[in-house]
Amino acid sequence: MKVSTAERYDGPTDGRSVLNLETDLAFVGNADPGVDWHCHNCHRLFARGAYPGQFLNVLFKCYSCGQLNASPSRQPGQPLCRPAVLLAPGQFHIKSVVDLSNPFPLADHSAMNGYLYETSAQPIPFSVAGNGRLNLTAEFLRELSTRAQRLLGENYAHLRASDIRGQTSRTPPASRHRLTELISHAEETASVLETRLAVAVGHPSLDDITELVATVEMFERWRNHPAWPQLVAGLASETEGPHSLMLLSAASYLSDQGNGVGIVHGKAHGRIPDLWLEPNLIERVDLEVKTPLAFRGSRTLDISAEKAEEVITKQVNKAASQRRGQLRSNRTGLLAIGAFHLPPTKLEMLATVTRHVLEAQTQRKRHLAGVLLCAFSYSISRSSTPPFIQQLKPGLQNRWVWHPGYRGNLAVGGEMPPRKTTLP
């Protein structure tokens, strides 16, 4: 059992949650090993058997001496597992023992606000958006291009010059820097629209515009997260852009579904996943994101089931290999596979293929709970008033495929026991 002395607090209490302890031992849990909390001033015991991290951003007023004590604060980038007991600002009187046996945090509202600030920054609206749709005008495409260039910062001028040299050379490179290519395409389409030439519904360029919109919106959403500087710096890389976009898209989807999500960043060693989830205070679920080349661009339009099975098998083996994979065999893992420019029927085909791949491995990779398939999509409509401008609505399709051989604690499919993570 770890014995901890709470931190002394002498600051203001306005806007804070203050627990006035009216009994010596106010909180009792069954964590093993657990934490016993003592008053900083008189060393009276007020919490026994608590889980590490069970109190966040909370103040305690000692029953014996009246000293204010502060619990640990939520750290930048720290997920907040759900359900959490969230306290509004104000004074609370604890007159009887509170049971801490459920491994979920008791937190001040500021802990949740901090988590939401980092994972769900307020959207920056486009000037030509309405009813969740984007008007496909030259003005919108110019704004989209400007915001994407802002993400690349001082790297954009160099990348743009390098791209122009490559495209005008006698032997253009086989591939281009993806984000620079998307920006160029948006600007070229804007020039076409400025000459009053309409873009036909279903034009292949709409896939690229959707990808660029997703890149801008996802990176802007996570702009307050401590991992953002590292992720946005990776946009200058020729290969990291699509991977980071899918990473943030999967993180957004999981966070929006009520899961506490963390992004691995900074220097790390060993088996390192891209994301992790904290179902409760004693469990962690690692998630690896893959964006195979075969599922990017026009090549996905005609991909066969046989080729898809080959690609998915490779990604599952790379991520969940007990010897070399990013997902540790002693911890529950999830794999997210991203696809770009994929027709809806192809996504269902990928789900069917993934199911076959996992069914063939029921005696292996028992730490792998399942695979999340993510694919960007869009719909097109026309405005109801003149000049009847085309409107774009980007979207993200997600499919869960659960591993029948999984033997961990994560609740998947239709079974959702209490105090276990539940994923849609």
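Data block above holds the structure.
Worth saying up front: this structure is predicted, and the values here are computed from it rather than measured.

Draft legend 1. Structural context of unusual backbone geometry. Looking along the chain, the bond that leaves Asp32 and enters Pro33 is cis, with omega of 0°. On the secondary structure map, Pro33 appears in the loop between strand E4 (27-28) and strand E5 (35-38). With a phi angle near 60°, Asn57 is a residue other than glycine that sits in the positive phi range. Tracing the backbone through its elements, the reader meets Asn57 in the loop between strand E7 (55-56) and strand E8 (59-61). You can call Asn57 buried: its relative accessible area is 12%. Even without being glycine, His341 reaches a positive phi, approximately 60°. Within the element layout of this structure, His341 appears in the loop between strand E19 (333-339) and helix H9 (344-359). Residue classification places His341 among the buried residues on the basis of a relative accessible area of 10%.

Draft legend 2. Representation of the nonpolar core in the model. Membership of the largest hydrophobic core comes to 63 residues, with the highest contact counts inside it found for Phe140, Leu144 and Ile209. Within the second largest apolar cluster, 26 residues are counted, among which are Phe295, Ala308, Ile337 and Leu358.

Draft legend 3. Main features of the pairing of strand E21 (residues 390-402). The pairing of strand E15 (residues 133-135) with E21 spans two bridges and is classified as antiparallel. Along E21, the bridge assignment pairs Asn135 with Gln391. Pairing of strand E20 (residues 368-382) with E21 involves 13 bridges; the strand directions are antiparallel. Bridge pairing links Cys374 to Asn398 in E21.

What counts as what
- Residues numbered from 1 in each chain as written.
- Predicted model: local features only at pLDDT ≥ 70, side-chain atom pairs only at ≥ 80, totals over all residues.
- Heavy atoms only, no water.
- Helix = DSSP H or I, 4+ residues; strand = E, 2+ residues; numbered from the N terminus.
- Buried < 20%, exposed > 50% of the residue type's maximum accessible area, 1.4 Å probe, protein only.
- Core = buried A, V, L, I, M, F, W, Y, C linked by side-chain atoms within 4.5 Å.
- Pairing = 2+ DSSP bridges.

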